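# Structural description and commentary
So the chains spell out like this:
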Amino acid sequence: MKFTLSTAEKDTRPIFITGNFNKWNPKDYNFQLKISDENTYSINIDDQLLNDDIEYKFTKGGWENVELDKYGNITPNRKVKKKSAVINDFVEKWRFNWGPFKDEFFPIVEVISEDFYIPQLDRYRKVWALLPYDYYISDKKYPVLYLQDAQNLFNEGSQYGNWEIDKKLSILAEYGRGDIIVIAVEHGNEDRIKEYIFDNDNVANGSEGKKYIRFVTDTLKPFVDEHYRTKKDRENTGIGGSSLGALISIYSGFLYPEVYSKLLIFSPSLWIEPTNNFPMMNFRVPFKTKIYLYGGEREGSKMVKRIQVFENYLKRWEKKNLFDFEFKTNINPDGEHNEFYWSQEFPRAIEWLFYNNTENPVEVKPKQENI
C-alpha cells in the first residue's frame, strides 16, 4: 500500500509515518518516507504489516515534531481502510521541539513562598506551584509532582537554560494530559550538593540529604495538601529531578514508598552510589513504584551503563519481593547532560507516569480555529 505526502512547509527534517502497524513508534527508520520531489514524499508499506483498519500520523521523528493543522492545532489520527489505491495526504504545519505553545493552556505559576522555612535544616527556600490553566474555574483535585532545582525548570535567563516545564505543561494540557500540579523547590545554591547527597561525606562533607527528604515529605507536602486541591494518596504523588536532583529523588522514593509512587529520574548522578547501595524501607506487602529513567549516550561514557546496572539492581530487589517496580527506560543516543534534553523528555515522562501512555498521544478533537 502506497502513502504519499505533500507538505506546505519547507523543512529538511526527515518524515516518518507511524501508526497501529508499528506500535506508534514516531521515529521508526523502517517507515521513513522518501522524497520524490520538492515537498512531496512517499512510502510503500507491505500489506502484511497493515491492519484492515489503519490509523496513522506523520512526524518529523518524534511526538515533539508531529504534524499540525493550519491553525497550529493537533490533528486527529488519520484513518483509512486497507486497499490497493494510493493514499494521498497533506500536512500544513509541523511541531518543532513541542512548539508552538498556546497561551490559553499555560499553567498558573504561583510563588508559594519567597522564603519557605525548612525546619529540618533551619534555612529558607523559594517554592513555586504550577497549577493547571483551569485550576481556579474548576473544582477538581489533582495529582502532584515535586521537582528539584526550580531555578532550572521554567525561569527565563537561568544560568544553564531550563526545562521549560511551563511550556511543556501547556502542550500536555492541549493533549488533555495537563491535570497535574507541579511543586518546584529551589536548590540551595552553595548548599545544593550537601542537600542532594543522602549520606556520603566523601562527596559532600556534612551531607544533608536525609533532612532535605524529610523537609519535602514531612513539611512541604502537608502544606501543599492543605492549601491546594490535591489528591493526597501515594498513587497520585511523584517526585523527581535531574542529576543530583534525580539522585535525591531516588532516595525519597525508596525511603518513603508509602508517600511516593512515581519517580521521574533524569540523568541521575549514580556515580555517587557505584554499588547501588540504596537504603530501602521494607514492607510486608511491597508498594508498586513507577520509575521513569532517562539518560543520554553523550553524557559521558558511563551514564547509560550505570542506568542499566541500576535497573538490573532494582530488578533483583523485586525478585526478593521487597519492591514492585515498573520501569520505563529511555536512552537518547544524542542526549547530553543539560536542560535542553531533559526539557524534551519531560512530557514523555509525565504521560507515562501519570497517564499510563505508551503509544500515541491521546486522541483529541481538532479545533477549527484559534479564538
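Residues numbered from 1 in each chain as written. Predicted model: local features only at pLDDT ≥ 70, side-chain atom pairs only at ≥ 80, totals over all residues. Heavy atoms only, no water.

## Topic: the overall build of the protein chain
Heads up, the rule is: A run of H or I in DSSP counts as a helix once it spans at least four residues, and a run of E counts as a strand once it spans at least two, with each numbered from the N terminus. Within these notes, the globule rule equals 2.2 Å times the number of residues to the 0.38 power, and the radius of gyration is based on C-alpha atoms. Remark: exposure states derive from per-residue accessible area (1.4 Å probe, protein chains only) relative to the maximum for the residue type, with buried under 20%, exposed over 50%, and partly exposed in between. Two residues qualify as a contact provided that any one of their heavy atoms is within 4.5 Å of a heavy atom in the partner residue. All accessible areas in this document rest on Shrake-Rupley with a 1.4 Å probe, and a residue is counted as covered only by the protein chains that are shown. Charged-residue counts in this description rest on Lys and Arg as positive and Asp and Glu as negative, His and the chain ends being excluded. One atom stands in for each charge, and that atom is NZ of Lys, CZ of Arg, CG of Asp or CD of Glu.
Scanning the protein chain from terminus to terminus reveals 6 helices and 17 strands. Computed over the C-alpha atoms, the radius of gyration of the protein chain is 22 Å, within 12% of the 21 Å expected from 2.2 N^0.38 for a compact globule of 371 residues. When the backbone C-alpha atoms are referred to their principal axes, the protein chain occupies close to 70 × 45 × 40 Å. The burial tally for the protein chain puts 58% of its 371 residues in the buried class. Sequence separation of at least 24 residues holds for 74% of the intrachain contacts in the protein chain that already meet a minimum separation of 6. If you sum the accessible surface of the protein chain, you get close to 17,100 Å²; carbon and sulfur atoms cover 46% of it. Here the protein chain holds 51 positive side-chain charges and 57 negative ones, and the gap between their average locations is 4 Å.

## Remarks on the packing of helix α1 (residues 165–174) against helix α6 (residues 339–355)
Cut-off, in case you're wondering: Lines are fitted to the C-alpha atoms to define the axes, a helix being fitted only along its stretch in contact, and any angle between axes, read from their N-to-C directions, falls within 0 to 180 degrees. Working rule for angles: under 35 degrees goes down as roughly parallel, over 145 as roughly antiparallel, 65 to 115 as roughly perpendicular, anything else as oblique. By convention the crossing between two helices is left-handed if the near helix lies anticlockwise of the far one by an angle smaller than a right angle, and right-handed if it lies clockwise. We call Asp, Glu, Lys and Arg charged. Ala, Val, Leu, Ile, Met, Phe, Trp, Tyr, Cys and Pro are nonpolar, and the rest, Gly among them, are polar.
At their nearest, the axes of α1 and α6 sit 10 Å apart, and the two run at 40 degrees to each other. When the axes of α1 and α6 are compared, the pair comes out oblique. Here α1 runs over α6; the crossing is right-handed. For the pair α1 and α6, the contacting residues are Ile165, Lys168, Leu169 and Leu172 in the first and Ser343, Phe346, Pro347, Ile350 and Glu351 in the second. Across the contact of α1 with α6, the residue classes tally to 6 nonpolar, 1 polar and 2 charged.

## A few points about the pattern of salt bridges
We apply this condition: Salt bridges are defined by distance alone: a side-chain nitrogen of Lys or Arg within 4 Å of a carboxyl oxygen of Asp or Glu.
Under the defined criterion, the tally for this structure stands at 26 salt bridges. Among the ionic pairs, arginine 125 bridges to glutamate 195, the shortest N-O distance being 2.8 Å. Pair noted here: arginine 125 is in strand β11 (residues 123–131) and glutamate 195 is in helix α2 (residues 192–196), with a separation of 70 residues, a long-range link. Each member of the pair, arginine 125 together with glutamate 195, is buried. Several salt bridges converge on common partners, so that one network encompasses Arg123, Arg125, Asp191, Glu195 and Glu208.

## Remarks on the sheet that holds strand β16 (residues 288–296)
The line we're drawing: A pair of strands counts as paired when DSSP detects no fewer than two bridges linking them.
Overall, mixed pairing links the 8 strands, which are arranged β10-β11-β13-β12-β14-β15-β16-β17 in an open sheet. Taken across any chain shown, the strands that pair with only one partner, and hence form the sheet edges, are β10 (108–118) and β17 (324–332). Averaged over all neighbouring strand pairs, the angle between strand axes comes to 15 degrees, with direction disregarded. As paired elements, strand β14 (residues 237–242) and strand β15 (residues 262–266) share 5 bridges and run parallel to each other. The partner of isoleucine 239 across the bridge, within β15, is leucine 263. Helix-sheet contacts for helix α3 (residues 209–227) involve β10, β11, β12 (144–147), β13 (181–185) and β14, and the interaxial angle to β10 is about 125 degrees. The strands that helix α5 (residues 303–319) touches are β16 and β17; relative to β17, the one it contacts most, it runs at about 165 degrees.

## Remarks on the layout of surface pockets
Using the following cut-off: Here the term cavity refers to a set of points on a 1 Å grid, laid over the protein atoms alone, in which a 1.4 Å probe fits but cannot get out; the term pocket refers to an open set having protein on both sides within 12 Å along at least five of seven lines, with lining residues being those that place an atom within 4 Å of a point. Grid points are joined across faces, edges and corners, and a volume is the space filled by probe spheres set on the points.
Its volume calculated, the largest pocket comes out at about 960 Å³. Elements that contribute at least two residues to the lining of the largest pocket include exactly α1, β16, β17 and α6. With 8 residues, α6 is the largest single contributor of residues to the lining of the largest pocket. The class makeup of the residues in the lining of the largest pocket is 18 nonpolar, 11 polar and 11 charged.

## A word on the side chain of aspartate 166
Checked against the element boundaries, aspartate 166 lands in helix α1. No salt bridge is formed by the buried aspartate 166; its nearest oppositely charged neighbour, lysine 167, is found at 6.3 Å. Every residue in contact with aspartate 166, bar those within four places of it in the chain, is listed here: Phe106, Pro107, Leu130 and Phe154.

## A word on the nonpolar core
Grouped burial of nonpolar side chains is what soluble globular proteins tend to show. What counts, and what does not: Nonpolar cores are built from buried Ala, Val, Leu, Ile, Met, Phe, Trp, Tyr and Cys residues. Side-chain atoms within 4.5 Å join them into one set.
One finds Ile183 and Phe254 to be the most contacted residues of the largest nonpolar core, which totals 53 residues. In terms of residue count, helix α4 (residues 244–255) provides more of this core than any other element does, 8 residues in total. Contact partners of phenylalanine 254, with chain neighbours within four places excluded, come to Leu263, Phe278, Pro279, Met280, Met281, Ile291, Phe310, Leu314, Phe323 and Phe325. Of all hydrophobic cores here, the second largest spans 26 residues; its members include Leu169, Val182, Ala184 and Trp342.

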